[in-house]
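So you can see what is in the structure, the chains are spelled out below.
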Amino acid sequence: MKNCNCQEVWNKCLEIIKDNITNDAFETWFKPLEAVSLENETLTIKVPSVFFYEWIEANFITILRASIRKVIGPDAKLLYTAPFDNTNKQTYPSLNKDMTINPPKRVPIMIPDNTNNDVINPFVIPGIKPLNIDSQLNENYSFDNFVEGSCNQLARSAGYAVAQNPGKTAFNPFFIYSNVGLGKTHLAHAIGLETKRLHPEKTVLYVSADQFFQQFADAVKHHTVNNFLQFYQMAIDVLIIDDIQFMKRESVQNVFFQIFNGLYTVGKQIIVTSDKAPSEISGLEPRILSRLKWGLNAELQVPDLDTRIKIIKQKLFNDGGATMPEDVIEYLAYSVNTSVRELEGALISLIAQSSLSKQEITIDLARRIVDRFVKSNTREITIEYIQKVVCGYFNIPLEVMLSKTRKVEIVTARHIAMYLSRKLTKEPLVSIGEKCGKKDHATVLHACKVVENSIDINKSFKKDLEAIEKKIRD
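As a starting point, this report considers the structure included with it.

Basis of the calculations
- Residues numbered from 1 in each chain as written.
- Predicted model: local features only at pLDDT ≥ 70, side-chain atom pairs only at ≥ 80, totals over all residues.
- Heavy atoms only, no water.
- Helix = DSSP H or I, 4+ residues; strand = E, 2+ residues; numbered from the N terminus.
- Buried < 20%, exposed > 50% of the residue type's maximum accessible area, 1.4 Å probe, protein only.
- Contact = heavy atoms within 4.5 Å.
- Polar contact = N/O pair within 3.5 Å; in protein donor to acceptor, adjacent residues only side chain to side chain.
- Salt bridge = Lys/Arg side-chain N within 4 Å of Asp/Glu carboxyl O.
- Core = buried A, V, L, I, M, F, W, Y, C linked by side-chain atoms within 4.5 Å.

## Structural notes on the overall build of the protein chain
A tally of helices and strands in the protein chain yields 20 helices and nine strands. For the protein chain, the residues scored as buried account for 48% of the 474 residues in total. A separation of at least 24 residues holds for 69% of the contacts in the protein chain among residues at least 6 apart in sequence.

## Regarding the side chain of Lys-268
Here Lys-268 lies in the loop between helix 9 (250-265) and strand 8 (269-274). On the basis of relative accessibility, which here comes to 15%, the residue Lys-268 falls in the buried class. Here Ile-236 takes part through its backbone oxygen, which lies 3.2 Å from a polar atom of the side chain of Lys-268. Beyond its immediate sequence surroundings of up to four residues, Lys-268 is in contact with Gly-167, Asn-172, Gln-233, Met-234, Ile-236, Asp-237 and Leu-263.

## Re the pattern of salt bridges
For the structure on display, the rule yields eleven salt bridges. As a salt-bridge pair, Arg-287 and Glu-285 come within 2.6 Å of each other at their nearest N and O atoms. Glu-285 gets classed as buried once you look at its relative accessible area, which sits at 16%. The partner of Glu-427 in a salt bridge is Lys-435, and the shortest N-O contact between them spans 3.9 Å. Overall, the relative accessible area of 33% leaves Glu-427 in the partly exposed class. For Lys-435, a relative accessible area of 33% gives the class partly exposed. Taken together, the shared-partner salt bridges connect Glu-384, Glu-427 and Lys-435 into one network.

## Description of the nonpolar core
One recurring pattern in soluble globular proteins: nonpolar side chains tend to sit buried together. Judged by nonpolar contacts, the single largest core of 50 residues is most densely connected at Ile-312, Met-324, Leu-350, Val-390, Leu-420 and Ile-472. Residue assignment for this core shows that the elements contributing at least two residues are helix 11 (305-318), helix 12 (326-335), helix 13 (340-357), helix 14 (363-373), helix 15 (383-394), helix 17 (408-424), helix 19 (441-457) and helix 20 (459-473). If you tally residues by element for this core, the top one is helix 17, at eight residues. Setting aside anything within four residues of it in sequence, one finds Val-390 in contact with Met-401, Ala-413, Ile-416, Ala-417 and Ile-468. If you look at the next biggest cluster of nonpolar residues, it comprises 34 residues, including Ile-133, Phe-212, Leu-239 and Ile-288.

Structural data, given as structure tokens:
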């Protein structure tokens, strides 16, 4: 192994690990890890947080140990390095006894200290000052990167108000819910980050329901439940619990109930996210569900077309100002319409494919990526999209088609747009007329009748209509 650097060794380990665990597990727990150094058969890897360290040790140490020994040798050892705040880092060995000489005692969720009255911090390891708490917030999930639209305006505005005056608004608790991939975790992090910026003296903590459970389980194991309660009730000013629907066990719900009451009573802010509204969550005690309804429940809905376009442009800007043809941006926004996460994934895949194959980003390339990426999605067809396709087919500017001109070719295009809008969307006639040049519903009915008659007597017209409809559906 002397001729290999640490990254080469780690890449070989990752190849073995990837073949032996699920892709989701690999992407979640191993992709974020980085090789730091390789000295005397000891590999040091960087983990994003202590939670990663604990989870990997608890769930993946067997395959991790096997891969490192296979690549480095039977005497291989493993060290981790992890950030604990914005400035300090701590290096510590694998806690599995087979991976290191003289392993330290496993770091408990809390470090009991009966010599003073300091609040015990469950996010410390030896050598770190007890109340130096890592908020566990992702700096990329800020309000600056959160694209606002009609789908999330209420939640975003309320979240910003919470950050300005945590615990002092009517939005306590602030409950954010949505389907997967619509930005509730992003918004929760954004509130936390903005709170820290505006109120640096306040302690903010983001924790997932799963992580909360693991901490509590460790506290029970080490007989430090009182310290656990003391930390959450006394040390935290803004508590963010993500995906509370996974907090299923009665014992965990009991301790969360106590923490909730303690924080709420003294006016501290509680933020909770879920994939369902409180009334629809199964498995949570009624007393907890009741308290989650005390403040504001805000839903994040599926983003509309304009918001999806903004999201794509924001993502391109954040990735260094990358450029993409406007028609490709619109195609992605039209095609991927159920999840922000899927939309961003499709965008990343398109850029990667273009870069790797050295192809120009075009509609054809985007179509191939989208077909592979979102096969199960039902693509949204809107009146605006139909108008765009019709105008493109006849090479007519949109503003001309929507004008009051009575030129035959313009009127024909307008009639086709109205007919296809009625056929392919669920919009009422009034909305179709309003968006097609501020016409009334009677005009839309007349246009549909004209088109239907033309289909029966004009083969060329029928062919054009079929070609336009196919282009819209594709």
